[in-house]
Amino acid sequence: MKFLSFAETHIDSFLHMQLIDLARTLSKEPLMDVEFSYHSYLDKETPTIHVSHFWNLYPKDVQFHGLKSDIYLRSYGNYHFTDLERLQSAASKLSKRMNGKFLIHVLLFAEDHRIEKLCLKQRPGTVHSFDIRKQIYQTHYHRQFKKHVERKKWLDAFFCFMVLLANQRFAHLPDFLKPFYLQMKKPLFLLEQADKTEQLIPIVEQIEEIVKKHGFQDMDSSYLSYDKSSASISETFDELTRNNEAETNQSIELNEKKEESEETKERLPGWHEETSSPRESFLQYDIDRGTSTDLHGEAARKAETGDQVFGTVQTGSQKSRRNEYSIEQHLSNLDQPQPSGEDSCFPYGEINRSVEEKWVKPRSSTELEHELYDEIKSHVQPFVNQLKQSFLKTIEHKNNAPRGDLHFGRLSKKLTRVITEKNPRIFYKKQEKSRELDAVFTLLVDCSASMFDKMEETKKAIILFHETLKHLRIPHGITGFWEDAASATENRQPNYFHEVISFRHSLLPQTGPQILQLEPEEDNRDGYAIRRMAEELMKRPEKQKFLIVFSDGEPAAFNYEDHGVLDTYEAVSNAKKQGIETLGMFISGGEITEKDRELMKSIYGHHQMVVPNASELVDYLIPVLRRLLYKLT
């Protein structure tokens, strides 16, 4: 059964990554995340910006600018100019009032309108996105306004009328609402003039009095929302530490018979006279809450055995991410120190914090593998010889190139040519000593299940790489990676690295058949694997470092779908910052789509190659390998 159409909406990974980058830039919060929700709001504690699925119904260009406008409002407006604590507290109190939903919508929209003006003033580059937002809102809220009028939902209609006024579009009010509008003119004008969040709250309270006089039924529709987690935490704490007067007239005497108190000691009633509505908070205490006693003074009650445990729970509490409460998670939080920064706490990325790394050693190659390897080797050997000869000729050409009589270089002492020749060559280059190649390669192979129809051709390409580098005496490592999807849980994601060729053994004559041990397995967590291989490369003494990643598409692992592309992009970016040249080889299963190209470009930039079919991988790889070798000369 499907309840909401947006629940299965596919999120463009590249767009998601752009929004996260924009949010982090504007908020100056390096850990800021972006999630897609029914409404747009800021959760500053997490920290997460929720952008609205409302924009998914529009064309891509409109959707892009609509989502950007959400990011502008939350990451720049709300984050820097909104008193979120007061806003959430006021909204929480209004929710308990008559017409509370309408009053909350007025407060939230007035705040959005205020910070939108600040964004436009201080960030002129946001104008285009907000113009598109305004056009869409004019059409959408005018349609909603007419619908609410027809159904006689007067507060719903008036809220849409407010939004239209703010976006400079007038709608004809029915006669029934005109007296209400005349009384609302002054508060609406004051909302427009407000400079701070706290100035809006008393104006909304004035509006509450006006709404009461007209006796309207509260709104049914929901257009805006706010982060309710902070308010709910505060309410739960107030329930546990009540300081208000008792809400019941019942009373008991402390000198009641012991037998009676023991009888009621184990009672946990599901409803109480003071319980106006059922609560869904953790640790509910409904046991005679608020009952008056004849206890005088402020004497402390007798300690109980569970007090110390409960005190630990209180002092160790943290902000929830809306997951189920977990005792194991809480105990682990108590044992671990609070992080001082992202790098020190999650060196391989926060999303990979629960990865459990496992290494698989290559077994001894079978006779059949040796025969198959010799067959593939004979097939790629002509290409290996061709690349080797081309590489050696390039080195020879550079070594034999003239070092004097040049148009650029070091200035020669023989300057008479300046006078005697029309186009004098008066520069030279210092003779360089012949040196050995100072480079190292790592080939990282995606061993996910989706590689089952591409793995054989991929092995041929890797053997071509291996044999070429071995002939040129360039050390290299070849590693396959995958995640065990069957064993992956929230707190444990086993990731395997199958190192079939190590740096140490890569140049030995007998190495090679181990490559055939690579097989398609399960999931792929590319970002983590790239970080680990970059870490291993940085331990090497060679000056030039190369990382080649063979993959067939978007990363997919446990809790990795929404942020996999971003995590992989960050891993590639970090590797490049360390001086590791990273190249992505994307192996398609047929026709290459524009989406495939955009995906690889969003991760690897221009350092990527998209191969239409695995059978063409060797043909595509030869010019790539030639360019890489040329860089070494």
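Our structure's up above, just so we're on the same page.
Along each chain, numbering runs from 1 in the same order as the chain's sequence is written. Predicted model: local features are reported for residues with pLDDT of at least 70 only, side-chain atom pairs are reported and counted for 80 or more only, and whole-chain, interface and lining totals are derived from all residues. Side-chain calculation: all heavy atoms of the structure are included, whereas hydrogens and water are not.

## Description of the pairing of strand E8 (residues 476–483)
As a reminder of what qualifies: Summary of the burial criterion: residues with accessible area below 20% of their type's maximum are buried, those above 50% are exposed, and those between are partly exposed, where the area comes from a 1.4 Å probe applied to protein chains only. Only DSSP runs of H or I reaching four residues or more are called helices, and only runs of E reaching two or more are called strands; each is numbered from the N terminus. At least two DSSP bridges between two strands are needed for those strands to be called paired. The definition of a right-handed crossover adopted here requires that, viewed with the strands pointing away, the path from the first strand over the helix to the second runs clockwise.
By the criterion of burial, E8 is predominantly enclosed, with eight of the eight residues buried. By the bridge criterion, six bridges tie strand E7 (residues 439–446) to E8 in an arrangement that is parallel. Following the sheet pairing, Asp-446 is matched in E8 by Phe-481. Crossover E7 to E8 through helix H16 (residues 455–471) is right-handed.

## Regarding the pattern of salt bridges
Note the cut-off: Counted as salt bridges are all cases of a side-chain nitrogen of Lys or Arg within 4 Å of a carboxyl oxygen of Asp or Glu.
A complete count under the given rule lists 28 salt bridges for this structure. Of the charged contacts in the structure, one is a salt bridge between Glu-456 and Lys-459, with a shortest N-O distance of 3.5 Å. One end of the pair is Glu-456 and the other is Lys-459, both in helix H16 and three residues apart, which spans about a single turn. Taking relative accessible area as the criterion, Lys-459 reaches 3% and is therefore assigned buried.

## Some remarks on the packing of helix H6 (residues 154–166) against helix H7 (residues 178–193)
Cut-off, in case you're wondering: Lines fitted to C-alpha atoms define the axes here, with helix axes fitted over just the stretch in contact, and angles between the N-to-C directions of these axes take values from 0 to 180 degrees. Put simply, angles under 35 degrees are roughly parallel, angles over 145 are roughly antiparallel, angles from 65 to 115 are roughly perpendicular, and the rest are oblique. Here a crossing is called left-handed whenever its near helix is offset anticlockwise from the far helix by less than a right angle, and right-handed whenever the offset is clockwise. In this description, contact between two residues means that some pair of their heavy atoms is separated by no more than 4.5 Å. Note on residue classes: Ala, Val, Leu, Ile, Met, Phe, Trp, Tyr, Cys and Pro are nonpolar, Asp, Glu, Lys and Arg are charged, and everything else, Gly too, is polar.
Put simply, H6 and H7 touch, their axes get as near as 13 Å, and they point 45° apart. With respect to each other, H6 and H7 are oriented oblique. Of the two elements, H6 crosses H7, and the hand of that crossing is right-handed. Along the contact surface, H6 presents Leu-155, Phe-158, Phe-161, Met-162 and Leu-165, while H7 presents Phe-180, Tyr-181, Met-184 and Leu-188. Classifying every residue of the contact of H6 with H7 gives nine nonpolar, no polar and no charged.

## Observations concerning the nonpolar core
This is how it is decided: Throughout, nonpolar core names a set of buried Ala, Val, Leu, Ile, Met, Phe, Trp, Tyr and Cys residues whose side chains join them through atoms within 4.5 Å.
Core analysis: the biggest nonpolar cluster contains 91 residues, and Phe-102, Phe-158, Phe-159, Phe-180 and Leu-191 have the highest contact counts within it. Of the residues forming this core, the biggest block, 10 residues, is contributed by H6. Residue contacts for Leu-191: discarding those within four places in its chain leaves Val-106, Ala-110, Leu-200, Ile-203, Val-204 and Ile-207. Core analysis: the next-biggest nonpolar cluster, separate from the first, contains 47 residues, Phe-465, Trp-482, Leu-518 and Leu-583 among them.

## Quick notes on the packing of aromatic side chains
Using the following cut-off: Pairing of aromatic rings covers Phe, Tyr and the six-membered ring of Trp, with a centre-to-centre limit of 6.5 Å; geometry is then stacked below 30 degrees between planes, edge-to-face above 60, and tilted otherwise.
By the definition in use, this model includes 27 aromatic pairs. Considering the side-chain rings of Phe-145 and Phe-161, the 6.3 Å spacing of their centres and the 40° angle between planes classify their relative orientation as tilted. Here Phe-145 is found in helix H5 (residues 127–150), whereas its partner Phe-161 is found in helix H6, with 16 residues between them in sequence. Taken together, a centroid distance of 4.8 Å and an interplanar angle of 65° make the contact between Phe-158 and Phe-180 edge-to-face. Pair noted here: Phe-158 is in helix H6 and Phe-180 is in helix H7, with a separation of 22 residues, a long-range link. Relative accessible area serves as the criterion here: at 0%, Phe-158 is assigned to the buried category.

## Details of helix H1 (residues 13–27)
Convention followed: Under the convention used throughout, the expected extent of a helix is 1.5 Å for every residue step, that is, one less than its residue count.
Between its first and last C-alpha, H1 extends 21 Å over 15 residues, near the 21 Å set by a 1.5 Å rise per residue. Those residues of H1 lying buried are Ser-13, Leu-15, His-16, Met-17, Leu-19, Ile-20, Ala-23, Leu-26 and Ser-27. Those residues of H1 hidden inside the fold are in contact with strand E1 (33–37), strand E3 (48–52), helix H2 (60–81), helix H18 (564–577) and helix H19 (594–604). Backbone geometry just downstream of H1 places Lys-28 in the positive-phi region, at approximately 60°.

## Considering helix H8 (residues 197–214)
Here H8 contains 18 residues, and its C-alpha end-to-end distance of 27 Å stays within 8% of the 26 Å for a straight helix at 1.5 Å per residue. Residues Thr-197, Leu-200, Ile-203, Val-204, Ile-207, Glu-208, Ile-210 and Val-211 constitute the buried set of H8. Buried residues belonging to H8 abut H2, helix H3 (84–94), helix H4 (100–122), H6 and H7. Immediately beyond the C-terminal end of H8, within one or two residues, lies Gly-215, with a positive phi of roughly 65°.

Geometric descriptors of this kind do not, in isolation, establish any biological role.
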